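# Summary of the model geometry
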Amino acid sequence: MNSEYTVWAPRAHRVELVRNGQRITMSGRPGGWWAAEGVSPIAGDRYGYSLNGGAVRADPRSGYQPDGPEGLSEAVDHDAFGWTDGEWRGLNLAGAVLYELHVGTFSPEGTCAGVSTKLDHLRRLGVTAVEMMPITTFPGSRGWGYDGVGLFAPHRSYGGPNGMKRMVDAAHGAGIGVILDVVYNHLGPAGNYLAEFGPYFSARHRTNWGDAVNLDGPGSDEVRRFLVDNALMWLREYHLDGLRLDAVHALVDDSAFTFLEQLADEVHAAASHEGRPLWLIAESDRNDPRLVRSAREGGYGLDSVWADDWHHAWHAAFTGEANGYYQDFGSLEQLTKALRQAWVYDGEWSEHRQRTHGRPPDGLTGDRFVVSTQNHDQVGNRATGERSSALMSLGRLKVAAGLLLTSPFVPLLFQGEEWGAATPWQYFTDFDDAELAQAVTEGRRSEFSTFGWSVEQVPDPQDPATFERSRLDWSELTKDPHREILDWYRQLIGLRHRLPDLTDRRLERISVHPEPAVGGVVVERPATLVVGLIGPDPATVVVDAGSILAASDPGVRLDGRRLRLPPDSLAVFGRKATAAHHSKSATYQWARVPG
């Protein structure tokens with residue numbers, strides 16, 4: 001651990017360390033830093049800082065906040081933890097199957113220890129890495145985590161620093177990597193005192209959350225150092241395998257050398273030192289390939305990006321929803337484009353945005369995109385948090401899973417998706433400030449007006465029942481249709497791990513052939529075909545010589561070279577080695593089966 005207590009407070013003229021009830025005057029250092037001369041941290045010390053005689057605040061770099069963001073910090077000795085994952089060598093993102101989870105609702109315990117008890121389920125499912133929603137300290141005991149204020153401190157309700165380390169250690173022992181969702185574009189509104197310490201925020205830029213994080217103004221060098229050090233801490237001290245960066249489009253930065261480039265440089269340097277891959281996955285709504293292009297190509301150097309277009313294209317086509325941003329989607333042709341290149345809007349006019357949106361992803365490989373049929377945003381930002389299992393038939397749900405888990409991109413599952421969980425996933429908070437709580441509740445209801453949902457449908461985020469409804473019900477795994485859905489997911493993921501065709505990241509080796517007349521689509525690779533039918537009528541399609549490797553419905557059958565599919569069904573078809581690979585302009589002969 002650090003050899004002395006230090007804090008960056010360039011605007012202060014007096015700083016005191018308050019440790020274990022004792023006040024110690026700190027000495028100024030160059031660059032706006034302060035240090036407590038001759039005072040070394042000891043694990044378990046409770047401390048904070050007083051600026052100019054004001055209230056005692058938590059350390060901005062606090063490793064643990066046992067009493068929440070308003071309480072004193074606790075010194076943490078990261079070197080004291082006994083890791084057992086020395087043989088872990090990381091994972092290949094191109095072949096990964098990611099699983100997004102929220103610690104508080106994933107298990108009955110709602111803790112990191114609870115996650116550990118479910119690792120065997122994830123291992124048997126075929127998951128290669130979990131992606132944890134934010135676990136940094138936030139107000140109260142329940143929340144999504146995107147209003148965190150203690151960026152270096154795992155939340156107390158989840159088990160604190162050691163609880164998280166034990167979970168990561170256990171995951172690696174089970175052969176499962178761990179990625180953490182981090183939020184650098186804003187801090188939560190409650191318990192956020194960073195602005196008292198220094199210019200962490202700047203009015204030069206504005207975001208949905210107010211003043212932007214200061215990445216390019218006076219004092220921004222130390223702000224960027226704060227965030228980069230945070231990223232490196234998670235990767236080194238907690239042995240994480242990567243980070244998912246929340247809403248990078250809100251990281252407003254006019255620098256010649258941007259924060260994202262700096263972060264990518266330092267994380268990849270750390271990967272070389274650690275001897276294992278360390279991944280940076282961005283969430284962005286800009287469809288900008290520069291995020292994942294190398295610096296040599298004029299890019300930022302991140303590793304992958306969430307592709308919401310993929311989700312929107314399949315969701316609108318399968319449900320018929322056309323409100324909000326779904327008005328930009330809904331056709332089989334758009335789904336075809338998403339299956340081929342992840343982004344639908346690559347320089348096209350967006351009716352929802354009322355402007356041209358995106359840029360072509362030319363030359364990118366499939367592992368540069370993370371795609372999903374469900375995630376915390378797309379489920380939780382519905383009025384009542386309905387999952388796909390509540391919005392469509394079992395057959396259609398299984399077709400969606402087939403398209404996802406055979407895609408050339410990196411598939412991400414959302415907790416409980418693999419068994420068609422009936423529990424909703426709703427937005428919940430636990431703010432003590434009644435005025436703030438009311439503002440959040442009213443803002444949430446107002447937000448849904450663009451989707452045509454009435455305010456009466458929107459659960460109160462502050463109501464503990466909203467949180468309780470969002471917990472997974474693990475007893476569902478023993479019941480139908482949940483067992484049937486789980487078996488299908490296991491079968492698909494097993495195929496993905498077994499067939500090189502399904503993890504081949506070269507997008508030029510894939511072609512997609514739609515047939516709008518029947519609602520059919522064929523995704524073609526050299527050794528496999530994925531044949532899906534989205535519609536109320538059975539149909540047939542002529543395929544190459546080969547055999548059915550997996551089918552979502554027992555009614556799928558092969559008669560010679562004619563593949564018959566019931567309504568809303570999918571087949572993964574293995575082509576014989578002698579089968580000719582069709583061109584992208586090839587057509588498949590579909591026919592509707594007479595009723």
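Right, let's walk through the structure included here. If you're wondering where the values come from, they're calculated on a predicted model, not measured in any experiment.

What follows covers the overall build of the protein. What the protein contains, in helices and strands, is 14 helices and 31 strands. The globule rule puts the C-alpha radius of gyration for 595 residues at 25 Å, and the 25 Å found for the protein is close to it. Here the C-alpha coordinates of the protein stretch approximately 85 × 50 × 50 Å along the principal axes. Here the protein holds 595 residues, and 60% of them are scored as buried. In the protein, the proportion of contacts linking residues at least 24 apart, taken out of those at least 6 apart, comes to 71%. In the structure as shown, the protein presents an accessible area of about 22400 Å², 47% of it carried by carbon and sulfur atoms. For the protein, the centre of its 58 positive side-chain charges and the centre of its 78 negative side-chain charges are spaced 5 Å apart.

Here we come to the side chain of asparagine 287. Inspection of the secondary structure assignment puts asparagine 287 in the loop between β17 (279-282) and β18 (304-306). Within the structure, asparagine 287 has its side chain in polar contact with the side chain of tryptophan 343 (distance 3.4 Å). At 2.8 Å, the side chain of asparagine 287 and the backbone oxygen of tyrosine 345 are in polar contact. Leaving out residues up to four positions away in the same chain, asparagine 287 has contacts with Asp309, Trp343, Tyr345, His357, Gly358 and Arg359.

Here we come to the sheet that holds strand β30 (residues 569-575). Reading across from one edge, β23-β24-β25-β30-β27 is the order of the five strands in this open sheet, with antiparallel pairing throughout. With partners counted over all chains shown, the strands left at the sheet margins are β23 (511-515) and β27 (546-551), one partner each. In this sheet, neighbouring strand axes are inclined to one another by 20° on average, regardless of whether the strands run parallel or antiparallel. Across the sheet, helix α9 (residues 332-341) is in contact with β23 and β24 (520-524); its angle to β23 comes to roughly 165°. In the packing of helix α14 (residues 482-498) onto the sheet, the strands contacted are β27 and β30, and the crossing angle to β27 comes to about 135°.

Enumeration according to the criterion identifies ten cavities of 30 Å³ or more in this entry. Along the wall of the largest cavity there are 18 residues; nearest its centre are Ala58, Asp59, Pro60, Val149 and Gly191. Among the residues making up the lining of the largest cavity, the classes are represented as ten nonpolar, six polar and two charged. In this model, the second largest cavity occupies a volume close to 70 Å³. In this structure, the second largest cavity is lined by Thr6, Val7, Trp8, Trp33, Asp59, Pro60, Arg61, Tyr200, Glu222 and Phe226. Of all elements in the fold, only β1 (6-8) and α6 (220-237) reach the threshold of two or more residues within the lining of the second largest cavity. Ranked by residue count, the leading element in the lining of the second largest cavity is β1, at three residues.

Let's shift gears to the layout of surface pockets. To locate leftover empty space, one rolls a probe as large as a water molecule over the atoms. Volume-wise, the second largest pocket comes out at about 650 Å³. Looking at the second largest pocket, it is lined by 24 residues, and the ones nearest its centre are Asn2, Arg61, Val76, His78 and Phe152. At the level of elements, β6 (46-51) and α6 are the ones that each hand at least two residues to the lining of the second largest pocket. With five residues, the top contributor of residues to the lining of the second largest pocket is α6. Considering only residue class, the lining of the second largest pocket consists of eleven nonpolar, five polar and eight charged.

Attention now moves to the pairing of β23. Judged from the five bridges that link them, β23 and β24 form a sheet pairing that is antiparallel. Paired with valine 512 across the two strands is valine 523, which belongs to β24. Linking two consecutive strands that pair antiparallel, namely β23 and β24, is a turn of four residues; a positive phi of about 80° is found at glycine 519 within it.

Further remarks concern the packing of α6 against helix α7 (residues 259-274). Angle between the axes and distance between the axes: these two values describe a pair of packed helices. Put simply, α6 and α7 touch, their axes get as near as 10 Å, and they point 30° apart. Overall, the two elements α6 and α7 adopt an arrangement that is roughly parallel. Crossing of α6 against α7: the hand is right-handed. Residues Arg224, Arg225, Leu227, Val228, Ala231, Leu232, Leu235 and Arg236 of α6 lie in contact with α7, whose contacting residues are Phe259, Gln262, Leu263, Glu266, Val267, Ala270 and Glu274. Each residue belonging to the contact of α6 with α7 can be placed in one class, and the counts come to nine nonpolar, one polar and five charged.

All right, on to the sheet that holds strand β5 (residues 33-35) then. Taken in spatial order, the three strands line up as β1-β5-β4 in an open sheet, and their pairing is antiparallel. Edge strands, defined here as strands with exactly one partner in the open sheet, are β1 and β4 (27-29). Direction aside, the axes of adjacent strands within the sheet are offset by 30° on average. Here β4 runs beside β5; their pairing, made up of three bridges, is antiparallel. Bridging across to β5, arginine 29 finds its partner in tryptophan 33.

Take the packing of helix α11 (residues 394-405) against α14 next. Axis separation between α11 and α14 bottoms out at 10 Å; the angle between their running directions is 20°. When the axis of α11 is compared with that of α14, the two are roughly parallel. When you trace α11 past α14, the crossing you get is right-handed. Of the residues in α14, those in contact with Leu394, Leu397, Lys398, Ala401, Gly402, Leu404 and Leu405 of α11 are Glu484, Ile485, Trp488, Tyr489, Leu492, Ile493 and Arg496.

Within the largest apolar cluster, 132 residues are counted, with the highest numbers of intra-cluster contacts made by Met132, Met164, Tyr184, Trp234, Leu240, Leu243 and Leu245. Broken down by element, this core gets its largest block of residues, nine residues, from α6. In contact with tryptophan 234, other than residues within four places in its own chain, are Ile135, Thr136, Leu151, Phe152, Pro154, Met164, Leu180, Val182, Tyr184, His239, Leu240 and Leu243. Residues Val522, Val531, Ala571 and Tyr588 belong to the second largest nonpolar core, which totals 15 residues.

Tallying each qualifying case throughout the model produces 37 salt bridges. The partner of aspartate 67 in a salt bridge is arginine 46, and the shortest N-O contact between them spans 2.4 Å. In this pair, aspartate 67 sits in the loop between β7 (56-57) and β8 (73-74) while arginine 46 sits in strand β6, placing the two residues 21 residues apart along the sequence. The class of arginine 46 is partly exposed, set by a relative accessible area of 23%.

Moving on: unusual backbone geometry. Here the bond from aspartate 480 into proline 481 is cis, since omega is 10°, no more than 30 degrees from zero. As for its position among the elements, proline 481 is in the loop between α13 (464-469) and α14. Notably, alanine 247 is not glycine yet its phi reads approximately 40°, a positive angle. Among the secondary structure elements, alanine 247 is positioned in the loop between β16 (242-245) and α7. Assessed through its relative accessible area of 5%, alanine 247 is described here as buried.

Parameters at a glance
- Residues numbered from 1 in each chain as written.
- Predicted model: local features only at pLDDT ≥ 70, side-chain atom pairs only at ≥ 80, totals over all residues.
- Heavy atoms only, no water.
- Helix = DSSP H or I, 4+ residues; strand = E, 2+ residues; numbered from the N terminus.
- Rg over C-alpha atoms; globule rule 2.2 N^0.38 Å.
- Buried < 20%, exposed > 50% of the residue type's maximum accessible area, 1.4 Å probe, protein only.
- Contact = heavy atoms within 4.5 Å.
- Areas by Shrake-Rupley, 256 points an atom, 1.4 Å probe, with all protein chains shown as cover.
- Lys, Arg positive; Asp, Glu negative; His and termini not counted.
- Charge placed at Lys NZ, Arg CZ, Asp CG, Glu CD.
- Polar contact = N/O pair within 3.5 Å; in protein donor to acceptor, adjacent residues only side chain to side chain.
- Pairing = 2+ DSSP bridges.
- Axes fitted to C-alpha atoms, helices over the stretch in contact; angles between N-to-C directions.
- 1 Å grid on protein atoms, 1.4 Å probe; cavity = no way out; pocket = protein on both sides within 12 Å on 5 of 7 lines; lining within 4 Å.
- Points joined across faces, edges and corners; volume = space filled by probe spheres on them.
- Nonpolar A, V, L, I, M, F, W, Y, C, P; charged D, E, K, R; others polar.
- Parallel < 35°, antiparallel > 145°, perpendicular 65-115°, else oblique.
- Left-handed = near helix turned anticlockwise from the far one by under 90°.
- Core = buried A, V, L, I, M, F, W, Y, C linked by side-chain atoms within 4.5 Å.
- Salt bridge = Lys/Arg side-chain N within 4 Å of Asp/Glu carboxyl O.

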